[in-house]
Amino acid sequence: MRVLLVGAGGVGTAVTRIAARRPFFDLMVVADYDRARAEAAVAAVGDDRFRAERVDAGDEAAVAALLARHGCDVLLNATDPRFVMPLFRAARKAGADYLDMAMSLSRPHSERPYEECGVKLGDEQFALAGEWEQAGALALVGMGVEPGLSDVFARYAADELFDGIEEIGIRDGANLTVDGYDFAPSFSIWTTIEECLNPPVVYEQGRGWFTTAPFSEPEVFDFPDGIGPVECVNVEHEEVLLVPRWVDARRVTFKYGLGREFIETLKTLHLLGLDRTTPVTVPGADGPVAVSPRDVVAASLPDPANLGERMRGKTCAGTWVRGVKDGRPREVYLYHVVDNEWSMAEYGCQAVVWQTALNPVVALELLATGAWSGSGVLGPEAFPARPFLDLLTEYGSPWGVREQ
């Protein structure tokens, strides 16, 4: 397998460090708009299977040419969601398979944003599914940790733990702190703003997909491995759009443990218009400059990839499932916990980006060995879960199941 990895930020760098320990690929080209960042990621692994390149992720022709030049048969997208569609199209143009960890962006309903869906996450990609299937090519979408591993858990629960499922709820929580900062998100603030301030989507059989207000339906969820109770709220996320396509469940939700202070900060950014992506004009040394308010917020905060030494605690991604087994009610939480102290000592990566990066590497290996195969635009639920979970454990990162 020959891989083009686009994006050498925190997640992309973690991908290289995880993949370097595995033999399933022959080449991984690490490409970034900032060539120095790609070169640093490659230099850190000290493996001649890796090469650094510069590419603009928004330039479809350049990405397609890079895929062709290196004979890459798969593109792994480790950029933020703005670049999903150009990279998705570039892979199709070059005849390569494609993986991402976040799907094409949504657009709220113009008149009823908190009741009805507008353009949903992934709609642009699924609209082109026929082209991929006809070509015999695979676009594996939403293959990070959430979405990604959480979707694999949903498929595993449906196949092996339940006879019928009432509800699948993704529940994400952590007890992470960052020394020296009052506000320092552990993941891309650009992506966090996008998913937290957009109308959350809920799925119900008979009703389909619909939206609610941001931060709605708060609940306290008790997370394992010492994290404990965390208040979780509805957030827009890909699992709600993916799981019902392949798994039979009456209701699907996603709730994120943000914390009251984080929610109030996001609300303030929205109130001030600092969550907007449309450029505004500001004075500059050489005249007026057009800048995106959200990009200014991101540039003003510390890079999450560089916070590992200051971070303390654990992060947990998981899937809560309620249903029936052998005629009796059953409720479980399937989960994956990463301790930041461990991920920093073992890989030099902070817990959140390492946990995100781990899963696409596992998926790439399953595709390389033929344990997973398919064509079209598919989510993780479209594949058998057991091979993935077994390989995840082999990578030295076990998962758990807790009866509720």
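As shown above, the structure is provided for reference.
All values derive from a computational prediction rather than experimental measurement.

Each value, and the rule that gives it
Residues numbered from 1 in each chain as written. Predicted model: local features only at pLDDT ≥ 70, side-chain atom pairs only at ≥ 80, totals over all residues. Heavy atoms only, no water. Pairing = 2+ DSSP bridges. Helix = DSSP H or I, 4+ residues; strand = E, 2+ residues; numbered from the N terminus. Axes fitted to C-alpha atoms, helices over the stretch in contact; angles between N-to-C directions. Salt bridge = Lys/Arg side-chain N within 4 Å of Asp/Glu carboxyl O. Buried < 20%, exposed > 50% of the residue type's maximum accessible area, 1.4 Å probe, protein only. Disulfide = S-S within 2.5 Å. Core = buried A, V, L, I, M, F, W, Y, C linked by side-chain atoms within 4.5 Å. Contact = heavy atoms within 4.5 Å.

Enquirer: Just give me the short version of the sheet that holds strand β3 (residues 50-54), but keep the residues and values in it.
Expert: Taken together, the seven strands give an open sheet; going across it, the order is β3-β2-β1-β4-β5-β6-β19, and neighbouring strands pair in parallel fashion. The open sheet has two free edges, formed respectively by β3 and β19 (376-378), since each of these has just one partner strand. When the angles between neighbouring strand axes are averaged without regard to direction, this sheet yields 20°. With four bridges joining them, strand β4 (residues 74-77) and strand β5 (residues 97-100) adopt parallel strand pairing. Bridge pairing in β5 links Asn77 to Asp100.

Enquirer: An account of the pattern of salt bridges is needed here, citing residue identities and associated values.
Expert: Opposite charge on two side chains makes pairing possible when the charged atoms of those side chains draw close. Following the criterion strictly, the structure yields 31 salt bridges and no others. We note a salt bridge from Arg155 to Asp159, for which the minimum N-O separation is 2.6 Å. Of this pair, Arg155 and Asp159 both sit in helix α7 (residues 149-161), four residues apart, which is roughly one turn of the helix. A residue is classified by how much of its surface remains accessible, and Asp159, at 46% relative accessible area, is partly exposed. Here Glu219 and Lys255 are joined by a salt bridge, their closest N and O atoms 3.0 Å apart.

Enquirer: How would you sum up the state of the cysteines? Please name residues and give values.
Expert: Inspection of the entire model under this criterion finds zero disulfides. Among the cysteines around Cys117, which has no disulfide bond, Cys196 carries the closest sulfur, lying 17 Å off. The thiol of Cys196 is unpaired, and the distance to the nearest cysteine sulfur, on Cys232, comes to 12 Å. Assessed through its relative accessible area of 0%, Cys196 is described here as buried.

Enquirer: Break down the nonpolar core for me, with residues and values.
Expert: Soluble, globular proteins show a tendency: their nonpolar side chains are buried together. With 91 residues, the main nonpolar core has Ile168, Trp372 and Phe388 as its most contacted residues. A total of 11 residues in this core trace back to one element, the largest contributor, which is helix α13 (residues 351-369). Setting aside anything within four residues of it in sequence, one finds Phe388 in contact with Met143, Leu149, Val152, Asn359, Val362, Ala363, Leu366 and Trp372. Counting residues in hydrophobic clusters, the runner-up holds 29 residues, among them Val6, Ala57, Met103 and Leu242.

Structural measurements only, silent on function.
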